[in-house]
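Given next are the chains, with one letter for each unit.
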Amino acid sequence: MRVIDSHTGGEPTRVILNGGPDLGSGPLSERARRLSQDHMEFCHTLLREPRGQVAMVGALLVEPVDPRCLTGVIFFDVAAVLDMCGHGTIGLAVTLAHLGMATPGSHLIETPAGVIKVHLQDNSTVSVTNIESRVIQSDVTVEIADQGPVTGTIAYGGNWFYIVETYPVPVLPENIAALTQAGVAIRTQLNATLHGAKVDHVIFQGHPISADNFSRNFVLCPDDTYDRSPCGTGSSAFLACLADQGRLPPDQQITQESIIGSEYQLSYQHGPTGGIIPTITGSAYVLADTTMIFSANDPFPNGIAV
Ligand code: PYC
């Protein structure tokens, strides 16, 4: 099995070029469901230590249904199969360029969430035009034990987000443990009390460090790690909130910082069904081109579970 590792703003992506499970044919959403139902061990084997690393997202290349697409891809972390992943798409585009499979310019890629466009500006800088993103419900208040009420917006950007814009803990690296704990408590409470909610990511928005930037975020992912990048799907959901609240006009570019200070440039256009079409620009760098070896007597064949 050949894999190529990259990072996008510090967030790792592992592209799996061959040797993945047989997910059959048909819509990518259906193949993603099969990966999630029948093959999570594969995801664990590829991403857990000692073979993988914390916060890593896998990108399994599959045959696209839409013949216009360069490839299909199904993203996953150790806890869940994702409909879409922004940092992973930037990492994938740079990986395809590294392999000579994508030239500078625009290409389509199929994901379970839909067909997206990548524009390779050079071998490391990529703009992703994401699927239509939207606010689902504003002013959602949840009561958190030992914290009191927290209010946020549920929004979709290819994954499901709860976005908290006012929170007493500053979005700074020294607060990563506190924000992680708060994010897990909020997500658990939200999904338990809000019938039908399927929020898998929680975002805390904060003030930027750089005066030139719009904001800084902390994004809790399904595997309870935080996104080192400003999160492509999370930034898409945040753009949908800004558009909904009339705080950002179409085509105006802003810069979003991550908790570790990496940056994405963001803008949007109006979407065809009342949402927005976000564009996210970031950079990724290839780290390793690896052949995986699976030893029959390995005592941790699916990685370390604790
Ligand atoms: O960039 O969309 C993203 C993402 C989702 C989970 C980790 N990164």
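Note that the coordinates shown come from a computational prediction; the quantities given were computed from them, not determined experimentally. (Residues numbered from 1 in each chain as written. Predicted model: local features only at pLDDT ≥ 70, side-chain atom pairs only at ≥ 80, totals over all residues. Heavy atoms only, no water.)

1. Some points on the packing of helix 1 (residues 28-38) against helix 2 (residues 40-47)
Relative orientation and spacing of two packed helices are given, respectively, by the angle between their axes and the distance between those axes.
Reasoning step 1: Running from N to C, helix 1 and helix 2 cross one another at 80°; their axes reach a closest spacing of 5 Å. Regarding the angle of helix 1 to helix 2, the classification is roughly perpendicular. Along its contact with helix 1, which presents Leu35, Ser36 and Asp38, the element helix 2 presents Met40, Phe42 and Cys43.
Reasoning step 2: Residue classes in the contact of helix 1 with helix 2 are distributed as four nonpolar, one polar and one charged. (Axes fitted to C-alpha atoms, helices over the stretch in contact; angles between N-to-C directions. Helix = DSSP H or I, 4+ residues; strand = E, 2+ residues; numbered from the N terminus. Parallel < 35°, antiparallel > 145°, perpendicular 65-115°, else oblique. Contact = heavy atoms within 4.5 Å. Nonpolar A, V, L, I, M, F, W, Y, C, P; charged D, E, K, R; others polar.)

2. A closer look at unusual backbone geometry
Reasoning step 1: Here the amide bond leading from Glu49 into Pro50 is cis, since omega sits at 5°, within 30 degrees of zero.
Reasoning step 2: Structurally, Pro50 is set in the loop between helix 2 and strand 3 (57-62).
Reasoning step 3: Phi angles above zero are rare outside glycine, and Ala55 is one such case at about 75°.
Reasoning step 4: The topology assignment puts Ala55 in the loop between helix 2 and strand 3.
Reasoning step 5: Under the relative-accessibility criterion, Ala55 is labelled buried at 4%.
Reasoning step 6: Even without being glycine, Asp224 reaches a positive phi, approximately 70°.
Reasoning step 7: Relative to the elements of secondary structure, Asp224 occurs in the loop between strand 13 (215-220) and helix 5 (232-244). (Buried < 20%, exposed > 50% of the residue type's maximum accessible area, 1.4 Å probe, protein only.)

3. Quick notes on the environment of Tyr167
Reasoning step 1: Following the sequence through the fold, Tyr167 ends up in the loop between strand 11 (160-164) and helix 4 (176-193).
Reasoning step 2: As for Tyr167 and Leu179, which are separated by 12 residues in sequence, their C-alpha atoms are 9.7 Å apart.
Reasoning step 3: Beyond its immediate stretch of four places on either side in the chain, Tyr167 contacts Gln147, Val150, Leu179, Ala182 and Phe204.
Reasoning step 4: A distance of 2.4 Å separates a polar atom in the side chain of Tyr167 from a polar atom in the side chain of Gln147. (Polar contact = N/O pair within 3.5 Å; in protein donor to acceptor, adjacent residues only side chain to side chain.)

4. Focus: helix 2
Reasoning step 1: Most of helix 2 sits out of view: seven of its eight residues are buried.
Reasoning step 2: By the burial criterion, the buried members of helix 2 are Met40, Phe42, Cys43, His44, Thr45, Leu46 and Leu47.
Reasoning step 3: The elements touched by buried residues of helix 2 are strand 1 (2-8), strand 2 (11-16), helix 1, strand 3, strand 4 (71-76) and strand 5 (81-82).

5. Considerations on helix 4
Reasoning step 1: Here helix 4 contains 18 residues, and its C-alpha end-to-end distance of 26 Å stays within 8% of the 26 Å for a straight helix at 1.5 Å per residue.
Reasoning step 2: Of the residues making up helix 4, those classed as buried are Ile176, Leu179, Thr180, Ala182, Gly183, Ile186, Arg187 and Leu190. Projected down its long axis, helix 4 carries its buried residues within an arc of 170°, all on one side. Opposite the buried face of helix 4, at more than 90 degrees from it, the exposed residues are Ala177, Gln181 and Ala192.
Reasoning step 3: In this structure, the buried residues of helix 4 make contact with strand 9 (134-144), strand 10 (148-156), strand 11, strand 12 (201-206) and strand 13. (Expected span 1.5 Å × (residues − 1). Arc of directions from axis to C-beta.)

6. Overview of the side chain of Arg31
Reasoning step 1: Turning to its location among the elements, Arg31 is positioned in helix 1.
Reasoning step 2: We note that Arg31 is buried and unpaired, the nearest opposite charge coming from Glu110 at a distance of 5.5 Å.
Reasoning step 3: Apart from residues lying up to four places away in sequence, Arg31 is in contact with Leu23, Gly24, Ser25, Gly26, Val62, Glu63, Pro64, Val65 and Ile74. (Lys, Arg positive; Asp, Glu negative; His and termini not counted. Salt bridge = Lys/Arg side-chain N within 4 Å of Asp/Glu carboxyl O.)

7. Observations regarding the pattern of salt bridges
Reasoning step 1: Summed over all chains, the structure comprises nine salt bridges.
Reasoning step 2: When the shortest N-O distance is used, the salt bridge between Arg33 and Glu30 registers 2.4 Å. One end of the pair is Arg33 and the other is Glu30, both in helix 1 and three residues apart, which spans about a single turn.
Reasoning step 3: A relative accessible area of 36% places Arg33 in the partly exposed class.
Reasoning step 4: Glu30 sits in the partly exposed class, given a relative accessible area of 27%.
Reasoning step 5: One salt-bridge network, in which partners are shared between bridges, spans Glu30, Arg33 and Arg34.

8. Quick look at the pairing of strand 11
Reasoning step 1: Of all five residues that make up strand 11, four are buried, and the element is covered over most of its length.
Reasoning step 2: Pairing of strand 10 with strand 11, which is carried by four bridges, proceeds in the antiparallel orientation. Bridge pairing links Ile154 to Tyr162 in strand 11.
Reasoning step 3: The turn joining strand 10 and strand 11, which pair antiparallel and follow one another in sequence, is formed by three residues; a positive phi near 110° is taken by Gly158.
Reasoning step 4: Bridge count for strand 11 against strand 12 is four bridges, and the pairing is parallel. Bridge pairing in strand 12 links Tyr162 to Val202. (Pairing = 2+ DSSP bridges.)

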